[in-house]
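Tertiary structure, described
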Amino acid sequence: MSEEGKIRPRKGSIWSGTITIGLVNVPVKLHTMIFDKSVTFKFLHKTDGSPLKYQKVCIKEDKVIPWEDIVKGYEIRKNEFVVFTNEDLKAARPESDQRIRIDKFIDYFSIDPVYFDRSYILAPDKNSDAYSLLLTALEKMGKAGVGRITLRTKEYPILVHPYNGALVLTTLRYAYEVADPRKLEEIKELKEPKKEELDLAKKIVADLSGEFDITEYKDTFRQKVEELVQKKTKGEKIIVEKPVKEEARELMVALQETLKQLKKK
Amino acid sequence: MSEKLTKVEFTNLDKVLYSDLKITKSQVIEYYINMAPKMLSVLSDRPIVLTRFPNGIDKEGFYEKDAPAGTPQWVKTFRRYSETAKREINYIVCNDVDTLIWLANLAALEIHMILCKVDSYEIPDLAVFDLDPKPPADTNEVTEVAVLLKEKLESLDLKSYVKTSGKKGLHILLPIIRGYTFKQTREFVQKIGEHLKDQTQLVVTERSEANTQGKVYVDYVQNSHGRTMICPYSLRATPHATVSMPLEWSDIKKGLNPEDFNLFNVTKIPGNPWEGMMENRQKLEES
């Protein structure tokens, strides 16, 4: 696979702890591996270009509600909530114990990617001997470790697997988070294809077979937007207008006089 | 110095709000700053309703009853069920220069006020005669009716105050002691309107006749819960940036042109014909 377009990971780790396999401990740090590069836009006010902020507005009172007056509601039925305070939730949440527990080892390719959630780089912490040993063993055997981690306040099923000369941790989806395609009517009643058709299809697939290279794919929308940004910054510039004090000087003179007048009364 | 003078953060000061006269938002703000002392004496402690024209008067404005999202904390508001809107409204209350400037910065060219104060929402403190001419009747016909009205009110020992609507009509106001209901003020205004009808063929008083050509409609229904009136010295969204201008009764005569009062000259007209109006609360005696 081509290495073009790969980004350098950030130096700072987001988590540190140990991989525990039975009685063996491998000290590791977690680094961000996935960087979302989707095109994002900020919402601006059309008439003055000022960025917009989100506010929590009470639906009934049509009023902005301050943080201290906000609680969480678990919707049991439509519009029916059980209220939770932060204390309630804190007590229920799993505590991060700085451990990646490996329960067993499996064949890496036996896991379907639909369960893959998000990958993190595992780096050795302090001592790299145990890390190197685990990595090499997994590489040689084509295996991956399955286990659990608590990140922040959520517990995830995870996979520890070798990737490109390093260990990578990939969080997995819970079984109940993945829909079963066979429950779709259209998929339930699929007919067996005819033999001649299948032969032809197999030929096409064989002809188009190749090596996987993710760098062949580009986000064309992102490229277009970047081109447009280039053009717009040269010509038609969009500047966020900040309240300019100097511009308002005449107004301030008028205001000063008015305030004086009001004070006299 | 500017930072301490106002809490308002100005935006888009150069936006042209009146295209014919190239009046910018900055000029509108300056106008309202200058008029603040005269406006606040009437405007204070009243729920108000805005008509905003963020893209200038050529584009459709919008009527805003509720304090908009992003209303600063220091702006006073008043929450009350409105009969006309059939729901709770979080009204803005404009008691100081900062709020007035903030409104101007919102391009709230027109400021409409409710005929009562926040502390007694059900009880009006003003009775209003809204005189509106239907073409070919014009301001001339309205002045004729207004003078008859003023004389009738004088005969009842009532001192009335007059202003242009900023368009073709005139508003005649009676500051009243608090204690009457809207129903009572409405019936009072209706009764006087009917009396005028006996005196001149010019007047109609019922909504069904409101659009009769050549007549002056005395709208008594205006004296109702939640109804508003353009506030004195408010700008109007008219091509000439006219103002709802308080006048002396001696100015109310044939030839009066409401378009003579606009953003440019009103600030230079000295005095205030409505000075002390709100201290002159009167009883509505049986007529």
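Here the residue index of a chain counts from 1 through its sequence in written order. The lettering of chains begins at A and the numbering of ligands begins at 1, in the order of writing. Given that this is a predicted model, residues contribute local features only at a pLDDT of at least 70 and side-chain atom pairs are listed and counted only at 80 or more, while totals for whole chains, interfaces and linings are drawn from all residues.

Where helices and strands are cited, they refer to DSSP runs of H or I of at least four residues and of E of at least two residues respectively, numbered from the N terminus. Scanning chain B from N- to C-terminus turns up five helices and 14 strands. Burial statistics for chain B: of 287 residues in total, 49% are counted as buried. By sequence separation, contacts in chain B at least 24 residues apart represent 70% of the contacts at least 6 residues apart. The exposure label follows from counting other C-beta atoms within 10 Å of a residue's C-beta, where the C-beta atoms are placed from the backbone and the thresholds are 20 or more for buried and 12 or fewer for exposed, leaving partly exposed in between. Here, residue contact means that the backbone-derived C-beta atoms of the two residues sit within 7 Å.

Tallying the contact residues gives 21 residues for chain A and 23 residues for chain B. Ten residues, namely Ala, Val, Leu, Ile, Met, Phe, Trp, Tyr, Cys and Pro, are considered nonpolar, four, namely Asp, Glu, Lys and Arg, are considered charged, and the remaining ones, Gly among them, are considered polar. For the side of chain A that touches chain B, the class distribution of residues is eight nonpolar, six polar and seven charged.

Reading around the barrel, the seven strands line up as β1-β2-β8-β11-β10-β9-β7 (chain A) and close back on themselves, with mixed pairing between neighbours. Neighbour-to-neighbour, the strand axes of the sheet open up by a mean angle of 40 degrees, direction not taken into account. Strand pairing follows a simple DSSP-based rule, namely that at least 2 bridges must link the two strands. Axis definition: a line fitted to C-alpha atoms, over the contacting stretch in the case of helices. Angles run 0 to 180 degrees between N-to-C directions.

pLDDT is a residue-level measure of predictor confidence that goes from 0 to 100. The pLDDT averaged across chain A works out to 84; a share of 92% of its residues lies at or above 70. The weakest mean pLDDT in chain A belongs to helix α6 (residues 249–264) of chain A at 79; the strongest belongs to strand β11 (residues 166–172) of chain A at 95.

Here we take up the pairing of strand β5 (residues 76–82) of chain B. The pairing of β5(B) with strand β6 (residues 87–93) of chain B spans seven bridges and is classified as antiparallel. For B:Tyr81, the partnering residue across the bridge sits in β6(B) and is B:Glu88.

Turning our eyes to something else, we now look at the nonpolar core. Here, a nonpolar core denotes buried Ala, Val, Leu, Ile, Met, Phe, Trp, Tyr and Cys residues that are linked to one another through C-beta atoms within 7 Å. With 90 residues, the main nonpolar core has B:Tyr32 and B:Ile48 as its most contacted residues. In terms of residue count, helix α2 (residues 25–43) of chain B provides more of this core than any other element does, eleven residues in total. Apart from residues no more than four positions distant in its own chain, B:Ile48 is found in contact with B:Leu43, B:Tyr91, B:Ile92, B:Val93, B:Cys94, B:Ile111, B:His112 and B:Met113. Counting residues in hydrophobic clusters, the runner-up holds 18 residues, among them A:Val26, A:Ala144, A:Ile149 and A:Val160.

It is worth spelling out the sheet that holds strand β14 (residues 246–247) of chain B at this point. All names here are of chain B. One open sheet accounts for six strands, arranged β11-β12-β8-β10-β9-β14; its pairing is mixed. Strands with a single pairing partner mark the edges of an open sheet, and in this sheet they are β11 (203–204) and β14. Relative to strand β12 (residues 216–219), strand β8 (residues 126–133) is paired through four bridges, and the arrangement is antiparallel. Of the residues in β12, the one forming a bridge with proline 133 is valine 216. Helix α4 (residues 139–155) rests against β8, β9 (161–164), β10 (170–175), β11 and β12 of the sheet, and its axis sits at about 150 degrees to β8.

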